[in-house]
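Report on the structure
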Amino acid sequence: MQMAIDVAKEAWGNTHPNPMVGAVVVLGDDVLAVGHHHKAGEPHAEPMALNQLEGEDLSKATLYVTLEPCCTFGKTPPCTERIKRAGVGRVVMGTLDPNPDHAGRAIQILQAAGVEVVYNVLKDQCDDLNLVFNHWIVKRNPFIAAKIASTLDGRIATRNGHSKWITGEVARKDVHHWRRYFPAIGVGSETILADNPSLTVRHGYAEEWSPIRFVFDRRLRTIQQPELRVYNDAFAEKTIIITTSKADQVPADIRSKIKDVWTLSSNAFWAGFRQKCVEELITGVYLEGGSMLLSDALKNSQLDYLFHYQAPKLLADSYAKPMLDALTPGEMSEAITLKQVKHTVLGDDRLVRGFLF
């Protein structure tokens, strides 16, 4: 199963809106074939592996697959039928399909065909492969995650705004790894104006790549600086401005280069944003700040997940910029406690991540 997980990761960030899935066919101590789902519309992991073994006797073989095989027709035929046709004697599933309409159906179908089925093997790791898909398929709206890098005392910049760099190279490389995972990234106008970021994936990858880039700019402050990278670089066509102002205020020279301008109601801003993402089939958004944007999302209960990179540094200055300023808990019991928490050591830094609500 660990091999299947590793194989699934070869399609890291490429399968949206589908999940990443890996499959391994084993007979005794021998690995006969491996396969993974490459991208939506292409064959699933199970046939990718089984097609390499056409005509072979697999009655004593085991198929390890990270996610319960599909059992309905979509863009591809049901994998349960392909497994039955191959004559596989045993199937081991990492986790069940999170879609309540499907969860467990493949088990019943395969068992009825005489296939031995085992499930929930390395379930936690298999679930963790598909944070975006699992949320999307159940809640039918985008998985919105926040990324924060802070000092030990929760500060993201000095009192005069200096923030480069809080974390070290290893942690910054990991940020790019997660950027590559999400189909879209978002930042507030404050961050764009202060840092002029490119919001692309670079560290650890041979070629620069860009997700869809959201610029949250309710008052259209960023259009006063048309030279900003997100409006001019090779990936400008992936930039979307999110505003509550009239779209026609965006100059034609910027409009011609970027993907779109979304005008949302200030009274239902986050609901409107989620709905627009649904319409555009954008399944997940990685919000990288700044503090005002993330605090507003948190205050409105719009953050599903948190990536918190913490550096072993102290500013010890009450005027240094806090990472969040959104709530007013009176007791510790009112604090938000992350769920399904994961800890990763990244050089001298660490990443704590988990579900917020």
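Everything that follows concerns the structure shown earlier in this document.
What counts, and where the lines are drawn
Residues numbered from 1 in each chain as written. Predicted model: local features only at pLDDT ≥ 70, side-chain atom pairs only at ≥ 80, totals over all residues. Heavy atoms only, no water. Helix = DSSP H or I, 4+ residues; strand = E, 2+ residues; numbered from the N terminus. Pairing = 2+ DSSP bridges. Axes fitted to C-alpha atoms, helices over the stretch in contact; angles between N-to-C directions. Contact = heavy atoms within 4.5 Å. Parallel < 35°, antiparallel > 145°, perpendicular 65-115°, else oblique. Left-handed = near helix turned anticlockwise from the far one by under 90°. Nonpolar A, V, L, I, M, F, W, Y, C, P; charged D, E, K, R; others polar.

1. Thoughts on unusual backbone geometry
Cis rather than trans, the peptide bond between Lys164 and Trp165 has omega equal to -5°. Relative to the elements of secondary structure, Trp165 occurs in the loop between strand E7 (155-157) and helix H7 (169-181). A cis geometry characterises the amide bond from Gly289 onward to Gly290, with omega recorded as 5°. Among the structural elements, Gly290 can be located in the loop between strand E12 (284-287) and helix H11 (291-299). Despite not being glycine, Ser301 has its phi angle at roughly 55°, a positive value. Along the polypeptide, Ser301 turns up in the loop between H11 and strand E13 (305-310).

2. A few points about the sheet that holds strand E4 (residues 90-95)
The strand order E2-E1-E3-E4-E5 describes an open sheet built from five strands, whose pairing is mixed. Each of the sheet's edge strands pairs with one partner strand only, and the pair in question is strand E2 (30-36) and strand E5 (116-118). For this sheet, the mean angle separating the axes of adjacent strands, direction not counted, is 15°.

3. Some points on the sheet that holds strand E11 (residues 260-263)
Picture the strands of a sheet paired through backbone hydrogen bonds; they go either parallel or antiparallel. Pairing is mixed in the open sheet, where nine strands are placed in the order E11-E10-E9-E8-E12-E6-E13-E16-E15. Each edge of the open sheet is held by one strand with a lone partner, namely E11 and strand E15 (339-346). Shown here is a sheet whose adjacent strand axes are inclined to one another by a mean of 20°, direction ignored. Relative to E11, strand E10 (residues 239-243) is paired through four bridges, and the arrangement is parallel. Bridge pairing in E11 links Ile241 to Val261. Against the sheet, helix H10 (residues 269-279) engages strand E6 (143-150), strand E9 (212-216), E10, E11 and E12, with an angle of about 160° to E9. Sitting on the sheet, H11 is in contact with E6, strand E8 (184-188), E9 and E12, with an inclination near 135° to E6.

4. Comments concerning the packing of helix H3 (residues 79-86) against helix H4 (residues 105-112)
Two quantities define a packed helix pair, namely the angle between the axes and the distance from one axis to the other. The N-to-C vectors of H3 and H4 enclose an angle of 25°; their axes lie 10 Å apart at closest approach. Taken together, the axes of H3 and H4 are roughly parallel relative to one another. Relative to H4, the crossing made by H3 is right-handed. On H4, the residues touching Thr80, Ile83 and Lys84 of H3 are Ala106, Ile109 and Leu110. When grouped by side-chain class, the residues that make up the contact of H3 with H4 number four nonpolar, one polar and one charged.

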